[in-house]
Structures are given as C-alpha cells and as structure tokens.
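As a plain string of letters, each chain reads:
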Amino acid sequence: MLTRMAEPLEIVVERDNIRRVVHMERDQLTIGRGRETDVQLEDPLASRLHCRLERLGSELFVVDLDSANGTWVDGVRVQRRPLGPGNTLRIGTTTLRLGGGIERLRAAEATQTQQQSRERELMQTLLAVLRALEQEDKLERAAALLIDAAVTLARAERGFVFLMEKGHMSLALGRNFAREPVPAPERKVSRTLLGRALESERPLLLQDAGRDGEFAGVASITDLGLRSLLAVPLRWQDEVLGLLVVDHRLASGAFRQDEMDLLAGLSSIAANYLGAARDRREIGLLRRRAATLQRQLGQRVTAEQEETRRVHALSAGRFAGLVGTSPAMQALYAAMERVLESDVSVLVVGESGTGKELVAQALHYGGARAARPFVTENCGALPDTLLESELFGHVKGAFTGATRDRAGRFEEADGGTLFLDEVGETSPAMQARLLRALQEGEVRRLGSDEVRKVDVRVIAATNTELMELVREGRFREDLYYRLKVVQLDLPPLRQRQGDVELLAEHFLALEAADEGRARRSLTPEAQAVLQRCAWPGNVRELRNEMRRLTLLGEGPIGADELSAEVRSSQAQPAGDPGPARPLPERVSTLEVAAIREAMTANQGNRSKAARSLGISRFALLRKIEKYGLDPGTDEP
C-alpha cells in the first residue's frame, strides 16, 4: 500500500500550449496514455504505461517503464534519474516540470531528520523501498532502486548489485552518488573481494582495502584504488543470490557498524524480492516448456495416427507392425493367414533382425487369443538354471535368493501365447522339459512337486537351421517336430524387392514422431544406395540407420549422410551368403532359397514346385528332407 505524502508535490503538465497542474500525494505516480495511469496523457507518442515518479527519502526519481519512445530529462534519454525543480521531463510532445512542494518536501525532510532517530529514518527508507518493489516487475529497475537507497543510507560514493546464477554472474549494475550509471561495473570491484564475500556468506566490511591484513598487496585492489568497502550478501532461503556493495574511494573508514546494519536490513528486503522474482521467472519458463511439450505431443500423436493408418494400408490391415508389399512378404502374409485362427505351434525361421517377434505378435493379436497375454522369453540370453526358473517358475527356498513363490512364463501366458526366441540355443536338459510342457500341457515349478495345467500356444523362433542341429545331435528331433507344426520363413531384407524404400520412409516417420522433430525424406541418390545395400543386419539395421539420420540432421537426406557401412555394402544375389563362404555352403544356401521361393509361389504344392524348378518330384522330396524344409502337400 502506498502512503500519503505530508506535502503534495505540484507537477505542471503542458502540451500544445495547454497547461494543467496535477498533485502527487503518494510515494509513486504513474504516467502514460492508458486509463489505468495516475496521470493520463493525450499524446500518441506516449506508451500506455510510460514512466513512474517515485519518492525515496527526500529525493524524487523518474523511472522509465520500457516505453517505446523513451523518457527524456533535459534532452537526455534516461532509465532512472533524480528529478529537481530545474529539470524538464519530456514524454513524446508533452513536458512535465515540478512546481511547488519539492523544496518544502526537502526542508521538511531536513527538519524531520534532525528530530527523528536513526532508527526512524531507517524504517521510512526501508518502507519506501519495499513499497516501490511491490510495484516493480523488472529486475534492472529494481536493482537501480536498491543501489540508490544503499548509497543514500550509507553515504557512499558508489553502489553495486551483483547477481549470481548457477555459479556465474547474471547481472552487474552500478550507480554513483550523482545517480549516474557506472560503466562496466563488473570491472570496478575486485573479483578477489567479491569471491571472498560470496564464500563467507556474511557482510564484509573493509576500513581500508589496500591496507587490510587479508587483502593487502592484492593487485586488483591497488589498481582500482579501493579504500572503504561494504559488501552484504543477498540471502534468500539458505541461498546467496548475489551481493549488495557500496564503496568510497576517497575516504578510509567511511562505513561503520551502523551502515552495515542498515544495508543488512535493505539486503533482506531485496533478497525476498529477488528470490520471488526468480521463482516467477522459473515458473514462467516451466509453463512455456510445458506448452511446448504439449504442442510437440500433439504433433507426435497426429504423426503417429497418420503413420498407423498408412502402415495398416500398406499391410492390407491384416498384420499390424509388418510393413512390406514385395512378393516375399505377400507370400508370408498368405501363410500367416492360414494359421491365424489355429492354436498349432509355429516355428518362425529367419536371419537376425528380420522381425520374428513382430510375426509372433501379429499371429497372437490377429487370432482368437488376442485378449489373453502375449509373453516373450529369449532362451539364448540365460543359463539353464535361470532359464528353467524363468519358464517354469519356482517356489520359495528353491535356491539361494528365492524369497517368494514366482510363476513362470508358461503360467503367465496361460490362455495366450508364449514366444520363445533363439530356441535352438537351449540345452538338451531344457529341451526335455520344454517337450513335456508342450506334449502334456503342464508345468512344475522349480523346487515343487505340484503339477499345474496350462493352455498355451507356443511360437518359437530361430536364426539357425534346426534340422542341422538335429542331425548333429544338438537338438531333440521330437521337440523339433513338436515346435514345427507349421514353419514360417522370414525373407531377409535383401530379398524383399521394393520394400527397402517403403520401410525407410516408415521408420523416418516413426523416429520423427518419437523425437518430436520434422520428418526427413530421402533423395533419389540416397534411395539408390539403400537399394544396393546388402543389409546384413536386416530390418533392425535399417531402422537404426533411419534413427541416426533423424537425430543428426535436418531436411532431405543425401547419399553422403548415409553411414560408411551402408555406402560400401553391396547386396549379393538372393540367398547367396557371399564369396567369403565355402562353395558347398553357397550352393546349399542357394538351393534352400530356390526351393522356399518355389514352395511359397505354389502354396506349398510339391508337384507344382518341382515342375517350376525343373526337377522331378522325387528329387525335390530328397532335397526337402536333406535341408529339413517344410514338406508342403501332396496335392497335384
């Protein structure tokens, strides 16, 4: 609340030879074009809230409030300056001068100062600062007000405010006894002194800085000519926000305990204002950040919705997550359709990174068990003891660390689907337990004799030829046939003609949505390089490449932005493992690829596949048996 002045000030306002007199009866008076101001100006060059007059002790100051055309005193644009009877204040084409009252104010203040105690003067000054800060919303103007008050109270030559944020100086402001700005204030006070005051977190009073025992001989103090100095920390909630400093370069012992107490009270008021202002600023930043994140989230949701619709269209809406229109993928979709509503075990075979788990998810969520759990376990990632506990569960005390009963993956997947990845990595003992669970539909937790019935559809995956492991005695033949009621062969990316560009654009859209960035596109040169690449890491490698490109660049993607591995890789003929492999392996791999393509193209009919390959049906059957491939049907 603003207090009423004992002696109102008269202010003469003149524009276009028309004069009027207004009275300043309180400590502050706002001036501008807006209706909310105390003195409204009919001047188009004035801002709505142009400037403010404020009283501090016996002085009157004019403070510019970020006006568009500036506040001018005697032809000089000012931010904060004392105003006396001889000064002319100009706002646009309007002039303001002090009339009666200012001299009477100063005389009254002088009389009151003689009559009042020092404590009374302190109270009035601090209250005036407090009232002014309540109306101030700009840090630089508030700092100037504090410096003027500090210089007046301490009868100092100069005053400074230094604010710190995250260990760095965020604001440095200085003013002298004539109320003029001190240029380069951060160079006018010794950094040694400032550092000492900040570290001590207590007022630092020096009667003669150059001769003080702690600072005697410090070059920066001698060079700056510092003598009397008083630095008071601005403390707020156990944190030092900065320093309020006054000095006098002409007199030693200019400040005593009384001045230190005065500035301690002033710094307490200032720190509360500065701390609250910082909190408001941080809250504003958080609100703007939240608004930005909300906007990015909206953009991401929109992009994901559009991408989901596009993916569904690409996969004919049948298998979410699987993207591709190549003949190899169309054949896979057809095979998946035939087992979608069935509960038979499925063996998914494909190289690493081809998307075997996506196929398993599509079979589960597209089938009758979609509402039940889909549980996954990587059999190659755990040793036997841990894998047994993970798959079948354990009871409390079954082994060290088993502090409670725990259900295994089979029980978790009851009624749904269990996906076993890298099933070829399991040991013979584990294979025996898996076989029993598949044959009998029952499991027994580790450390327990209780048998539990489960209803689980098992989809297994491998990147190796299990039949080869069977022939080598490393995989049980009965388990192999139990898992491979139906086998789905996933084509490697190099055999999916036309799908590389489609997948690349799909992944670029997904990564842009995930990262909240603009979606990038591929140039024709980049597309050509992607098409030539062998993609040994298959779809996983392609997605990682698109993720890297999204994070590290903007705009269209040129061929030079692709990784060196992608640019240098050249695709081998379909099914060819490459010239580095032995000839028998290359021949057998090519034969397997040719037989699979023929069987897929002829919907598993062996007779038609044999004719398309130019071999007899008997020869085809021998090769199918040799390589452990899906035998297909005998229908003509």
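Everything discussed here concerns the structure shown above.
Residues numbered from 1 in each chain as written. Predicted model: local features only at pLDDT ≥ 70, side-chain atom pairs only at ≥ 80, totals over all residues. Heavy atoms only, no water.

J.: Even after reading the chapter, I still don't get the pattern of salt bridges, so can you show me in this structure?
T.: Pairing is possible between side chains of opposite charge, provided their charged atoms come close. Across all of its chains, the model carries 41 salt bridges by this definition. Between Arg 249 and Glu 157 there is a salt bridge, with the nearest N and O atoms lying 2.6 Å from each other. Placement of the pair is Arg 249 in the loop between β16 (239-248) and α6 (257-314) and Glu 157 in the loop between α3 (139-154) and β12 (158-165), with a sequence separation of 92 residues. Here Glu 468 and Arg 471 are joined by a salt bridge, their closest N and O atoms 2.6 Å apart. Of the two residues, Glu 468 and Arg 471 are both situated in helix α12 (residues 466-471); the distance of three residues between them amounts to about one turn of the helix. Residues joined by salt bridges that share partners form a network here, namely Arg 52, Glu 54, Arg 80, Asp 148 and Arg 175. (Salt bridge = Lys/Arg side-chain N within 4 Å of Asp/Glu carboxyl O. Helix = DSSP H or I, 4+ residues; strand = E, 2+ residues; numbered from the N terminus.)

J.: How do you make sense of the packing of helix α14 (residues 499-515) against helix α15 (residues 524-532) when you look at a structure like this?
T.: Relative placement of two packed helices is described by the angle separating their axes and the distance separating the axes. Here α14 crosses α15 at 120 degrees, and the two axes come no closer than 9 Å. One finds that α14 runs oblique with respect to α15. Seen from above, α14 lies across α15 with right-handed handedness. When α14 is examined against α15, the residues Val 500, Glu 501, Ala 504 and Glu 505 are found in contact with a partner set consisting of Gln 527, Leu 530 and Gln 531. For the contact of α14 with α15, the per-class residue count stands at three nonpolar, two polar and two charged. (Axes fitted to C-alpha atoms, helices over the stretch in contact; angles between N-to-C directions. Parallel < 35°, antiparallel > 145°, perpendicular 65-115°, else oblique. Left-handed = near helix turned anticlockwise from the far one by under 90°. Contact = heavy atoms within 4.5 Å. Nonpolar A, V, L, I, M, F, W, Y, C, P; charged D, E, K, R; others polar.)

J.: Help me understand the sheet that holds strand β19 (residues 417-421), please; the structure alone is not making it clear to me.
T.: Judged by pairing direction, the sheet is parallel, and its five strands sit side by side in the order β18-β19-β22-β17-β23 without closing on themselves. Because the sheet does not close on itself, it has two edges, and the strands there are β18 (374-378) and β23 (486-489). On average, adjacent strands in this sheet sit at an angle of 20 degrees to one another, irrespective of strand direction. (Pairing = 2+ DSSP bridges.)

J.: Mind showing me how you'd approach the side chain of Arg 141 here?
T.: Looking at the secondary structure, you find Arg 141 in helix α3. Overall, the relative accessible area of 10% leaves Arg 141 in the buried class. Once residues lying within four places of it in the same chain are set aside, the contact partners of Arg 141 are Val 63, Asp 64, Leu 65, Asp 66 and Glu 136. (Buried < 20%, exposed > 50% of the residue type's maximum accessible area, 1.4 Å probe, protein only.)

J.: Which parts of the structure should I look at to understand helix α19 (residues 606-613)?
T.: At 3.6 residues per turn, the α-helix brings residues three or four places apart onto the same side. Among all positions of α19, only Arg 606, Ser 607, Ala 609 and Ala 610 are buried. End-on view of α19: buried residues confined to an arc of 165 degrees, all on one side of the axis. A distance of 3.1 Å separates the backbone nitrogen of Ser 607 from a side-chain oxygen at the start of α19, and that oxygen is part of Asn 605. Two residues or fewer after α19 comes Gly 614, characterised by a positive phi angle close to 80 degrees. (Arc of directions from axis to C-beta. Polar contact = N/O pair within 3.5 Å; in protein donor to acceptor, adjacent residues only side chain to side chain.)

J.: Is there a simple way to explain unusual backbone geometry in this structure?
T.: Generally, phi is negative for residues other than glycine and the peptide bonds are trans, each holding for most cases. Despite not being glycine, Asn 17 has its phi angle at roughly 60 degrees, a positive value. Topologically, Asn 17 is positioned in the loop between β1 (4-15) and β2 (18-26). Of note in the backbone geometry, Asp 66 takes a positive phi value of approximately 55 degrees without being a glycine. Residue placement: Asp 66 occurs in the loop between β6 (59-64) and β7 (71-73). Exposure remark for Asp 66: the relative accessible area of 44% places this residue in the partly exposed category.

J.: What's the story with the packing of α19 against helix α20 (residues 617-627) in this structure? I'm lost.
T.: Their axes nearest at 9 Å, the elements α19 and α20 cross at an angle of 100 degrees. On the basis of their axis angle, the class for α19 and α20 is roughly perpendicular. Contact residues: Arg 606, Ser 607, Ala 609, Ala 610 and Leu 613 in α19; Arg 617, Leu 620, Leu 621 and Ile 624 in α20. Of the residues in the contact of α19 with α20, the class split is six nonpolar, one polar and two charged.

J.: What should I look at first to understand the environment of Leu 41 in this one?
T.: Here Leu 41 lies in the loop between β4 (39-40) and β5 (51-56). You can call Leu 41 buried: its relative accessible area is 2%. Expressed as a C-alpha distance, the spacing of Leu 41 and Glu 14, which sit 27 residues apart in the sequence, is 9.8 Å. Setting aside chain neighbours within four positions, we find Leu 41 in contact with Val 13, Arg 20, Ile 31, Gly 32, Arg 33, Ala 46, Ile 91 and Thr 94.

J.: What exactly am I supposed to notice about α3 here?
T.: The end-to-end C-alpha distance of α3, which contains 16 residues, comes to 22 Å, matching closely the 22 Å that a straight helix rising 1.5 Å per residue would cover. Of all 16 residues making up α3, 13 are buried, and the element is well covered by its neighbours. (Expected span 1.5 Å × (residues − 1).)

J.: Would you mind going over the nonpolar core with me for this structure?
T.: A general tendency of soluble globular proteins is for nonpolar side chains to be buried together. Val 129, Leu 133, Val 246 and Leu 266 are the most contacted members of the largest nonpolar core, which has 38 residues in total. Broken down by secondary-structure element, the contributors of at least two residues to this core are α2 (118-135), α3, β12, β15 (228-236), β16 and α6. Ranked by the residues each element gives to this core, the list is headed by α3, at ten residues. Beyond its immediate sequence surroundings of up to four residues, Val 246 is in contact with Ala 150, Val 151, Ala 154, Ala 156, Arg 158, Gly 159, Ser 228, Leu 229, Leu 230, Phe 255 and Leu 263. Within the second largest apolar cluster, 30 residues are counted, among which are Leu 391, Leu 418, Leu 438 and Val 443. (Core = buried A, V, L, I, M, F, W, Y, C linked by side-chain atoms within 4.5 Å.)

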